[in-house]
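Residue-level structure breakdown
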Amino acid sequence: FRMAAFFAIAGFLAERSLRNRRAERWIAGRSLRIGIPAIFGVATISPLIWLMLVRALPPERSASVLPFEWHHLWFLFALLIYQVAAYWVTARVAPRRATRWLAFVRTRGPAWTIVTLTVASLTLMVMTVCLIMLLAPPPYQPMLMEVRLIAGYLPLYLLGMALSSSRGLRRRLLGGWQLPATILSVVSAGYLFWRVGLVPRMPAEAAAGMEIQIRF
């Protein structure tokens, strides 16, 4: 939930930044500002995490850990990919077409928007997991599973861009109590189902691992 909000805010700010700059200059500058810390982290921090995990985990579990994984730095690579989507939307989508799309979303209301975003995110995540399991070599599958998050949060990033570009959409989605109440209700119901309905029936180790994944 917090990462979804993070990427929605990132999309919102990206659209605001793109208004005052040429798209090519904007994407070049962001690639340097985000790409250099991402590469530095994978090159220096990831090997240290690998050493700690190799020493702390049993051999059968540490064997699947790679020295140059992205770990918690995956969100930086997500931002690098999302900026390409932002560039494409800004440079390639005709303004009239974007206006029609924003008007369509505005007329549908908060409930439709939440359901559509949820279905789109889950679909992208499931498709990504299937492709990873089908195409990636087994040693790299655990690391590549973070790609499902990158794919799944893309609709939230695009929603943030849409909210930034349309005052009417912001008023429609954020001007009342319906959207926050709906999100809170869905999240609370889902978490209660997880904690009360599923966790007691799962092994403790598996439940702890799934808990970490759900929080992202």
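Not measured: the values here are computed from a predicted model.

Reading the values: rules and limits
Once a new chain begins, its residue numbering starts again from 1 and follows that chain's sequence as written. Given that this is a predicted model, residues contribute local features only at a pLDDT of at least 70 and side-chain atom pairs are listed and counted only at 80 or more, while totals for whole chains, interfaces and linings are drawn from all residues. Excluding hydrogens and water, the side-chain values take into account all heavy atoms of the structure. Numbering of helices and strands starts at the N terminus; helices are DSSP runs of H or I of at least 4 residues and strands are runs of E of at least 2. To sort residues, take the accessible area from a 1.4 Å probe on protein chains only and compare it with the maximum for the residue type: under 20% means buried, over 50% means exposed, and anything in between is partly exposed. Only the protein chains shown count as cover for residues, and all accessible areas are computed by the Shrake-Rupley method using a 1.4 Å probe. The axes are straight lines fitted to the C-alpha atoms, using for helices just the contacting stretch, and the angles between their N-to-C directions are given from 0 to 180°. Should an angle fall under 35 degrees it is called roughly parallel, over 145 degrees roughly antiparallel, and 65 to 115 degrees roughly perpendicular, with every other angle called oblique. Should any heavy atoms of two residues lie within 4.5 Å, those residues are counted as being in contact. Amino acid classes used here: Ala, Val, Leu, Ile, Met, Phe, Trp, Tyr, Cys and Pro are nonpolar; Asp, Glu, Lys and Arg are charged; the rest, including Gly, are polar. Expected helix span is taken as 1.5 Å per residue step, with the number of steps being one fewer than the number of residues. As used here, the arc belongs to the directions running from the helix axis to the C-beta atoms. Within this document, salt bridges are pairs made up of a side-chain nitrogen of Lys or Arg and a carboxyl oxygen of Asp or Glu, the two lying within 4 Å of each other.

**A few points about the overall build of the protein chain**
Scanning the protein chain from terminus to terminus reveals eleven helices and zero strands. Counting from the amino terminus, the protein chain carries its helices and strands in the arrangement α-α-α-α-α-α-α-α-α-α-α. Taken along the three principal axes of its C-alpha coordinates, the protein chain extends 55 × 45 × 30 Å. Among the 216 residues that make up the protein chain, the fraction classed as buried is 36%. Only carbon and sulfur atoms are counted for the fraction: they give 70% of the accessible area of the protein chain, which is about 13,700 Å².

**Description of the packing of helix 8 (residues 154-165) against helix 9 (residues 167-174)**
Where helix 8 contacts helix 9, the axes come no closer than 5 Å and their chain directions differ by 115°. Taken together, the axes of helix 8 and helix 9 are roughly perpendicular relative to one another. Each of Leu 159, Ala 162, Leu 163, Ser 164 and Ser 165 in helix 8 lies in contact with helix 9, whose residues at this interface are Arg 167, Leu 169, Arg 170, Leu 173 and Leu 174. Here the contact of helix 8 with helix 9 is composed, by residue class, of six nonpolar, two polar and two charged.

**Thoughts on helix 1 (residues 2-19)**
The end-to-end C-alpha separation of helix 1 is 26 Å, in line with the 26 Å expected for 18 residues at 1.5 Å each. Along helix 1, the positions that sit buried rather than exposed are Met 3, Ala 4, Phe 7, Ala 8, Ala 10, Gly 11, Ala 14, Glu 15 and Leu 18. Around the axis of helix 1, the buried residues are gathered within 155° of arc, so they sit on the same side. Exposed positions of helix 1 whose direction lies more than 90 degrees from the buried face are Ile 9 and Leu 13. Buried-residue contacts for helix 1 involve helix 2 (23-56), helix 4 (74-92) and helix 8.

**What to know about the pattern of salt bridges**
Close approach of charged atoms allows side chains with opposite charge to pair. Under the defined criterion, the tally for this structure stands at one salt bridge. Arg 19 is the salt-bridge partner of Glu 15, the closest N and O atoms lying 3.1 Å from each other. Here the residue Glu 15 and the residue Arg 19 both occupy positions in helix 1, the gap between them amounting to four residues, near one helical turn. Residue Glu 15 is classed as buried on the basis of its relative accessible area, which comes to 13%.

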